[in-house]
Protein chains: 2
Amino acid sequence: MKKILFAIAILFATTLVAQQHPNAFANKQEFAFVKDNITKTALLQQSYADLKASVDAWLGKDIDVPVPKDPAGGYTHEKHKANYNLMFHAGLMYNITGDARYALLVKNMFLKYAALVPTLANHPEATSSSPGRIFWQALNDANYLVYAGLAYDLIQPYLTEVERKTISEGAFKPEVDYFTKDLSKWFDLIHNHAVWACAGVGIVGIATDNQDYIDMALYGSSKDKSAGFLAHLNGLFSPDGYYNEGPYYTRYAVLPFYFFANALNHAKPELKIFQYRDQILGKALKGALEQTNLDGAFYSYNDAIKDKTYTSNEVVYAVDIYWQVYGASADLLPIAKVQDRVIMSKGGVEISKKLDDSKSVPAYYPYKSIEFTDGPKGDEGGVAVIRSGKGKNLTSLIYKYSTHGLSHGHYDKLNINLYDNGNEILQDYGAVRFIGIEQKYGGRYLPQTKDYAQQTIAHNTVTVDEKSHFNGKESESQKNHPTKWYSKVDSTNVQVVTAFEDKAYKDVNMQRSVFVIKVPGASKPLILDIFRLLSATEHQYDLPFNYLGYVISTNYKYESYKANLKPLGKKNGYQFMWKEAGARIGKEMSQFTFLNDKRFYTVSSVSGDSAEIFFTVLGANDPDFNLRRDPSYVIRTKGTNKTYVNAIEIHGDYSTINEVASGAYSAVADIKVLQDDAAFTAVEVSYNSKPLLAISVNSPAAGDKTFTYNYNGKAITWKGNYYIQYDNKLLNK
Amino acid sequence: MKKILFAIAILFATTLVAQQHPNAFANKQEFAFVKDNITKTALLQQSYADLKASVDAWLGKDIDVPVPKDPAGGYTHEKHKANYNLMFHAGLMYNITGDARYALLVKNMFLKYAALVPTLANHPEATSSSPGRIFWQALNDANYLVYAGLAYDLIQPYLTEVERKTISEGAFKPEVDYFTKDLSKWFDLIHNHAVWACAGVGIVGIATDNQDYIDMALYGSSKDKSAGFLAHLNGLFSPDGYYNEGPYYTRYAVLPFYFFANALNHAKPELKIFQYRDQILGKALKGALEQTNLDGAFYSYNDAIKDKTYTSNEVVYAVDIYWQVYGASADLLPIAKVQDRVIMSKGGVEISKKLDDSKSVPAYYPYKSIEFTDGPKGDEGGVAVIRSGKGKNLTSLIYKYSTHGLSHGHYDKLNINLYDNGNEILQDYGAVRFIGIEQKYGGRYLPQTKDYAQQTIAHNTVTVDEKSHFNGKESESQKNHPTKWYSKVDSTNVQVVTAFEDKAYKDVNMQRSVFVIKVPGASKPLILDIFRLLSATEHQYDLPFNYLGYVISTNYKYESYKANLKPLGKKNGYQFMWKEAGARIGKEMSQFTFLNDKRFYTVSSVSGDSAEIFFTVLGANDPDFNLRRDPSYVIRTKGTNKTYVNAIEIHGDYSTINEVASGAYSAVADIKVLQDDAAFTAVEVSYNSKPLLAISVNSPAAGDKTFTYNYNGKAITWKGNYYIQYDNKLLNK
């Protein structure tokens, strides 16, 4: 039978590259292997049963292929999305079972699409600069091409040559032509939408034996290698796999990258696509997984949606394909276990078997501190994830000094985020969006994404004069990035990153040093955050801590605006923040403790001669209730040069056996700035009744240069950019 | 050895009831059984390892027994709490291992308590009407007596007679005397604090062979049976096990009930305490477990703390003791599995073994609809839990028409709460309290518990003229309860409860009928809520829906107070609610859709000729940030007689396999009130484009009486209190 089908395929082939099919998602040998194992391994069996049930519900039914009308979330949108999924899934079922009813289901749907697609002009709800035809935006049409292309490949042997022609020319060609001709500018962008478009055109090329499509997908619409899949692999990742739109978007883009690469690996193994650029596709997946919280949520840099985790379909596919092409990878097992499903591939089978054989799978990915460079060459700033602790007790401080990150980037230079105890503690708001909810602007990004979430004040970094970095101009922000001065994140006692930003504001330079310090005798790390603002002219500086939790205490009195709330400001995100309370602080240290999930967090701050502090909550000027009612703690100072020194503590434990709380109070009694000038910033923190001395050299990487500082009448000498001692004993070794 | 110790005990016994010890938590035979099984069954082994580790950390150390000074959350409070736990746990370890180091640890601590306790007057932080001595309130001293009493019993054989005397007279007698003499009024209350006090005195009585203590514990300080443990068993539970302070307080009270009953069962088996009052102790535990959410949280009636679940220690003890005394109970297995630990008892061993032997344990307790009566005789109103759906898809509507529930009760007559999809959807705020957090008023109830959370506006029931039920007077509320008119909760299609309240307001009567209807073709139940207000005089009525979720849409325009917030009112809870938006509605139906955890909920309402609607959020007049920033949706009408008809829909699904949303829109197109008078309320809801007719008879239980109503020119005739048809087909069979 196999041989006959193959012979027929050869006989009727009209293009040069006719191959045996299926040959995109998996080939016959691989499907035979899957089939052979279904009853032999638990997770595969369950995943197969779920797939079968989802497809069988539609067997023998006449599937609606409606004329496109609705935006995202609406009927026609969701129906077409369900349809391309169903075609792909039914195609899988056909190859596993050999039951022709599945192939018939797919064929009948394809014939409807072949009739519909050639009649389509731009979608009536198209508001995007890259309008779609089946969907409101071209991105969704690209999704269709990817899944429908895979589905076609899966039933290609079942079709007559006439049917093949009908479908190729009806269901695919108008879309491919539209992308590569009408939308060629969009198709040739280096951007996650274009990755989908290339993958769609390329997979359709492989499925329909069309070398022209494959070439455009690989090298751009003009095939000159200035665009296309390889240009994406070169341009969207740094050498260590950081994706320039951030981990949430890696999650989304990883599917077309892996689907197309997997298809190329079947159809054109000589390309060795998974080895390309020193295995950049492997690094991309691992890089994104490194940037997840214990619950699997991708860190919310840029326009992220917080409830997307590595259990989403895209990552299930990527993990299983990774396992197949790069070999078994034990660190992926905890993720595969939480994903709780595998795909119908050799990798899926192998992961399922490995889970059967593993007596105990660790609860979490083996997270460790990690630095990512940004930019294709790795010379455009980066992101550091500084970690401390193990298991549920993992603390992750993210320090971002990367490029803007294209259209979904935020004005967040030198921002920090904090995750601890499995929770988000100091947040980036992410995107303002109710994905898939038609009533909320068709599930698209809401205006507050740009107006609030992307603005600097929504981040744990400094806003100058109530204006966002680069005055909120994407084109300017896109051109620049901070400079990392020095870092060390592979040390046990003291991990540090210092970066410098001199373009975000015309006449203010910003330098931030973040130390994560394991102090002897303390069970949790102490975060020391030194933020220097340098300017010859007078400015207003706002440093917010966008905390999540309940206000527990402050060490100062504040005024509560308890009977009348007003917004904090008028624009650049400030207009959304209600002022709930405010305080004026002298030169003394201010302390604020909040509670999140039975654990305490205290921010102790000094910022020179005076500060004003605001407790805010979101919701002002938000008539459509688009924003979460999240709080912030804003420290405002005014002056020319100003330095914020913040000690951020994690403290408190709760024993479930004895139901006893401990460590409810801050261990920071005082913070003194001993020196703060062009040479050094020297800070003394009274921590657990003993002095912690931190000295940061205020210049780029000092290498082995020797410095001296006079402390309590004694000269301290050290080499390199920083010096930390506690209780008069050196820590940074 | 056992015999020798026994002989010594007999020899030196100074009271009449000298018995073999241990004989309170468990006896020698039971501990031998536990020891024998530790390596044989997984959960027991793990629980033992955890216990051992928690105790071994203190072995050989000099344990601090500080002079009482701090309120809850402070050092001396938490230390004494840790101490009594440690004494009990070390006593368990002694009996399992026979290692005298554990007994020595306990003895040394007891000797310190024996020296300290006689010196104590009232605690310096005592603000309660029942002040404590070791702790700020006597309740915590009672906790000490319970655990220390058990601990003493566990090491009694190890002690010399002199040591026994020293400890009995030093560590116990002053506390027992204080409770039963100085605080005898408090000791003789029928209240959860007094349950602890009785259990403490009784367990100490058993441990020290003091019949006098046992008698006072059983029958009250004057031993006349007007108070004490048996009076609690009679007075705090309804005949079907409903605890009159609500399930959250059952959780807390269940431990002294079970600890003392378990001790009595060992020392005085002839009492048959677990059989008492038709097994009221068994019913009490099951009754509380029936009132939990899928995540194990007890329903938040009254002053509940929402994060307390059935995994708390109290319930672990109760479940394991239940299993031992009442026999294996399969419905407890899912709970034991989630608890993930067992106690060092015969019941603990047996549950652990049962879990080993069970291939698959259901994910959830087998929840079903259930009605509880309130009051010792079951004639003081009650609480109904109307359920629909299975597993994660369980919907639970709670309708409360019970008594006030003592000092932690709320002014919440005819309140409803809704849980669905594992989440709280229409909430009772619970208590305003940060338990165990010293900075928040020593972890005690915060003032907003009384000022907001207990007030009527914090509940999903009607507030008249901005005054709470019974004008917020506990003494008045305590005397009264609504009357259930009729109910049926064991039906598949239509479940209903109607109750009537005529005392909460002087000249307004309230009648509420709640129907949970399974409409043919719909995947989720429809809740129809008819709330009638009857008065001869003009009033303002506020019906809030204290929803949890995000505002998605309304079918009307509203004004957003987007640049300036003011509170909704001045007192009775209103002063804490910011007015975020408001609308005026004519006689047409208003619709409000919100989103919680990927599921939609729509409240469609009509309320006569006009209504005013407010969107509010908590936080006004809350300078200490004690309140969560939770929203509410308040429908206000004015008039004499007024009827609210609300259709509450659960709708929308999200497929994780296909990532497709469906059912985002309400299926209710209109609600018409066809008749609303002393005879009937007849309502027609256009639901999924077909008419649903609901008729409620506006009088108490009608039995088999026949009624007739003319609908669309056709006479409908039925027997009983209600009639529901959909698409012209009768549903309520």
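Quick caveat: nothing in here was measured; it's all calculated off a predicted structure.

### Let's talk about the relation of the copies chain B and chain A
Overlaying chain B on chain A yields an RMSD of 0.1 Å, the required transformation being a rotation through 180° with an accompanying axial translation of 0.0 Å. The transformation relating the two chain copies, once decomposed into turn and shift, fits a two-fold axis. Relative to the rotation axis, the closest C-alpha in chain B is found at Leu565 of chain B, a distance of 2.4 Å. Mapped onto chain A, 100% of the interface residues of chain B are again interface residues, and the two copies thus contact each other with one and the same surface.

### Quick look at the packing of aromatic side chains
Per the stated rule, a full pass over the model turns up 106 aromatic pairs over all chains. A centroid spacing of 5.5 Å and a plane angle of 25° characterise the contact between Phe594 of chain A and Tyr601 of chain A, whose relative ring orientation is stacked. As far as burial versus exposure is concerned, Phe594 of chain A and Tyr601 of chain A are alike and both buried. Between Phe680 of chain B and Phe707 of chain B, the aromatic rings sit 6.0 Å apart at their centres with planes inclined by 75°, giving edge-to-face as the arrangement. Of the two residues, Phe680 of chain B is situated in strand β23 (residues 680–687) and Phe707 of chain B in strand β25 (residues 706–711); the sequence distance between them amounts to 27 residues. Judged by its relative accessible area of 9%, Phe680 of chain B is buried. Three or more aromatic residues link up through ring pairs in this structure, and these residues are Tyr547, Tyr558, Phe592, Phe594, Tyr601, Phe615 and Tyr633 of chain A together with Phe625 of chain B. Geometry around Tyr219 of chain A places Lys225 of chain A over its ring, the cationic atom sitting 5.2 Å from the centre. Positioned above the aromatic ring of Tyr248 of chain B is the side chain of Arg251 of chain B, whose terminal nitrogen or guanidinium carbon lies 4.4 Å from the ring centre.

### Here we look at helix α13 (residues 276–290) of chain B
Residue and element names in this part refer to chain B. Taking 1.5 Å as the rise per residue, α13 with 15 residues should run 21 Å; its terminal C-alpha atoms sit 21 Å apart, in good agreement. Of all the bends found along α13, the most pronounced is centred on Lys283 and spans about 40°. On the buried face of α13, the contacting elements are α11 (229–235), α12 (247–267), α14 (313–326), α15 (333–339), β1 (370–373) and β2 (382–388).

### Thoughts on the interface of chain B and chain A
Across the boundary between the two partners, chain B contributes 56 residues, which contact 56 residues of chain A. One can count two salt bridges joining chain B with chain A. The tally of links between chain B and chain A comes to 13 residue pairs in polar contact (both at pLDDT 80 or more). For the side of chain B that touches chain A, the elements supplying multiple residues, two or more each, are α4 (75–97), α14, β12 (550–554), β14 (577–585), β17 (611–618) and β21 (660–662) of chain B. Looking at the side of chain B that touches chain A, the element that brings in the most residues is α4 of chain B, giving five residues.

### Quick notes on the sheet that holds strand β9 (residues 508–517) of chain B
Sheet strands line up and pair through hydrogen bonds in the backbone, either parallel or antiparallel. Residue and element names in this part refer to chain B. If you walk across this open sheet you meet the eight strands as β7-β8-β9-β10-β19-β16-β15-β12, and the pairing is antiparallel. Of all the strands in the sheet, the pair left with one neighbour each is β7 (483–488) and β12. Within this sheet the neighbouring strands show an average axis-to-axis angle of 15°, counted without direction. In the sheet, β9 pairs with strand β10 (residues 526–534) via nine bridges, with the strands oriented antiparallel. Considered in β10, the bridge of Ser513 is made with Ile530.

### Some details on the pairing of strand β16 (residues 599–606) of chain A
All names here are of chain A. Of all eight residues in β16, eight are buried, a share of seventy percent or more. Here β16 shows two buried faces, one formed by Arg599, Tyr601, Val603 and Ser605 and the other by Phe600, Thr602, Ser604 and Val606. Remark: two residues form the turn of the hairpin made by strand β15 (residues 590–596) and β16, two consecutive strands paired antiparallel; Asp597 in that turn has positive phi of roughly 55°. In this structure, β16 lies alongside strand β19 (residues 642–651), joined through seven bridges in antiparallel fashion.

### As for helix α3 (residues 42–56) of chain A
Residues and elements named next belong to chain A. An ideal rise of 1.5 Å per residue puts 21 Å on 15 residues; α3 measures up with 21 Å between its terminal C-alpha atoms. All of the buried residues in α3 are Leu43, Leu44, Ser47, Tyr48, Leu51 and Val55. All buried residues of α3 lie within an arc of 130° about the axis, which places them on one face of the element. Tucked into the core, α3 has its buried residues touching α2 (28–37), α4 (75–97), α5 (100–116), α15 (333–339) and α16 (346–357).

### What about the pattern of salt bridges?
All names here are of chain A. With the rule as written, the count across this model stands at 70 salt bridges over all chains. Residues Glu314 and Arg251 are paired through a salt bridge, measuring 2.2 Å at the closest nitrogen-oxygen approach. Taken together, the residues Glu314 in helix α14 (residues 313–326) and Arg251 in helix α12 (residues 247–267) connect sequence positions 63 residues apart. Given the relative accessible area of 4%, Arg251 is considered buried.

### Focus on the sheet that holds β14 of chain B
Residue and element names in this part refer to chain B. With antiparallel pairing, the six strands of this open sheet are ordered in space as β6-β11-β18-β17-β14-β13. Across the chains shown, the open sheet's two edge strands, defined by having one partner strand only, are β6 (463–464) and β13 (559–560). Of the pairings in the sheet, the one linking β14 to β17 comprises eight bridges and is antiparallel in character. In the strand pairing of β17, Lys579 is matched with Thr616.

### Some points on the packing of helix α7 (residues 161–182) of chain B against helix α9 (residues 192–207) of chain B
All names here are of chain B. Here α7 crosses α9 at 140°, and the two axes come no closer than 11 Å. The angle between α7 and α9 places the two elements in the oblique class. Between α7 and α9 the crossing geometry is left-handed. Across the interface between the two elements, Phe172, Val176, Phe179 and Thr180 of α7 pack against Ala197, Val201 and Val204 of α9.

About the thresholds
Residues numbered from 1 in each chain as written. Chains lettered and ligands numbered in written order. Predicted model: local features only at pLDDT ≥ 70, side-chain atom pairs only at ≥ 80, totals over all residues. Heavy atoms only, no water. Least-squares fit on C-alpha atoms with pLDDT ≥ 70 in both. Contact = heavy atoms within 4.5 Å. Phe/Tyr/Trp six-rings, centres within 6.5 Å; stacked < 30°, edge-to-face > 60°. Buried < 20%, exposed > 50% of the residue type's maximum accessible area, 1.4 Å probe, protein only. Helix = DSSP H or I, 4+ residues; strand = E, 2+ residues; numbered from the N terminus. Lys NZ or Arg CZ within 6 Å of the ring centre and 35° of its normal. Expected span 1.5 Å × (residues − 1). Bend = angle between axes of the 7 residues up to and from the residue. Salt bridge = Lys/Arg side-chain N within 4 Å of Asp/Glu carboxyl O. Polar contact = N/O pair within 3.5 Å; in protein donor to acceptor, adjacent residues only side chain to side chain. Pairing = 2+ DSSP bridges. Axes fitted to C-alpha atoms, helices over the stretch in contact; angles between N-to-C directions. Arc of directions from axis to C-beta. Parallel < 35°, antiparallel > 145°, perpendicular 65-115°, else oblique. Left-handed = near helix turned anticlockwise from the far one by under 90°.

Interpretation note: all reported values are geometric properties and have no functional meaning in isolation.
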